[in-house]
Amino acid sequence: MGHIKTISQMIRDGSFDNEFVPAYERALNEGKQTYIHRGSKYSIEYANNVIELVSSFRSNKTDEDAIKLIKRFE
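These numbers come from a predicted model, not from an experiment. (Residues numbered from 1 in each chain as written. Predicted model: local features only at pLDDT ≥ 70, side-chain atom pairs only at ≥ 80, totals over all residues. Heavy atoms only, no water.)

(A) Broad picture of the pattern of salt bridges. The final tally for this structure, using the stated rule, is 3 salt bridges. Bridged by salt links that share partners, the residues Asp13, Glu19 and Arg38 form one connected network. (Salt bridge = Lys/Arg side-chain N within 4 Å of Asp/Glu carboxyl O.)

(B) Region of the structure containing the confidence of the model for the protein. This prediction gives the protein a mean pLDDT of 83; 85% of its residues lie at or above 70. Per-element mean pLDDT across the protein ranges from 69 in helix α4 (residues 63–71) up to 95 in helix α2 (residues 15–29). (pLDDT = per-residue confidence, 0-100. Helix = DSSP H or I, 4+ residues; strand = E, 2+ residues; numbered from the N terminus.)

(C) Summary view of the pairing of strand β1 (residues 34–37). Here β1 shows a clear split, with Tyr35 and His37 buried on one side and none of Thr34 and Ile36 buried on the other. Both β1 and strand β2 (residues 40–43) contribute to a ladder of 4 bridges, which runs antiparallel. Bridging across to β2, His37 finds its partner in Ser40. Hairpin connection of β1 to β2: 2 residues between the antiparallel strands, including Arg38 at a positive phi of 50°. (Buried < 20%, exposed > 50% of the residue type's maximum accessible area, 1.4 Å probe, protein only. Pairing = 2+ DSSP bridges.)

(D) Examining the packing of helix α1 (residues 3–13) against helix α3 (residues 44–58) more closely. The geometry of α1 relative to α3 is characterised by a closest axis approach of 12 Å and an angle of 60° between their N-to-C directions. Regarding the angle of α1 to α3, the classification is oblique. Here α1 and α3 pass one another in a crossing that is right-handed. Of the residues in α3, those in contact with His3, Ile7 and Ile11 of α1 are Tyr46, Val50, Val54 and Arg58. Looking at the contact of α1 with α3 residue by residue, the class counts come to 5 nonpolar, 1 polar and 1 charged. (Axes fitted to C-alpha atoms, helices over the stretch in contact; angles between N-to-C directions. Parallel < 35°, antiparallel > 145°, perpendicular 65-115°, else oblique. Left-handed = near helix turned anticlockwise from the far one by under 90°. Contact = heavy atoms within 4.5 Å. Nonpolar A, V, L, I, M, F, W, Y, C, P; charged D, E, K, R; others polar.)

(E) Seen up close, the nonpolar core. Counting residues in hydrophobic clusters, the biggest one holds 17 residues, and the most contacted among them are Phe16, Phe20 and Tyr35. Counting residues per element, the ones that place at least two in this core are α1, α2 and α3. Here the element with the most residues in this core is α2; it accounts for 6 residues. Residue contacts for Tyr35: discarding those within four places in its chain leaves Phe20, Ala23, Tyr24, Ala27, Ser40, Lys41, Tyr42, Ile44 and Ala47. (Core = buried A, V, L, I, M, F, W, Y, C linked by side-chain atoms within 4.5 Å.)

Shown next as structure tokens:
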């Protein structure tokens, strides 16, 4: 699954807020450079960029709007 498709799926199923972001925050607090989420390895830098991207889409939109915008990159 491509990265953008993975991100939109995580938003859709709730794992972005409930799993991805908390795992990122734990890894960041522990000084790690990478972490594993659902069997995939992510760098802290990549995760930070994904979180910023999703946050910018969400700022004035619903999750569904964010998913539609993200899907344009699939």
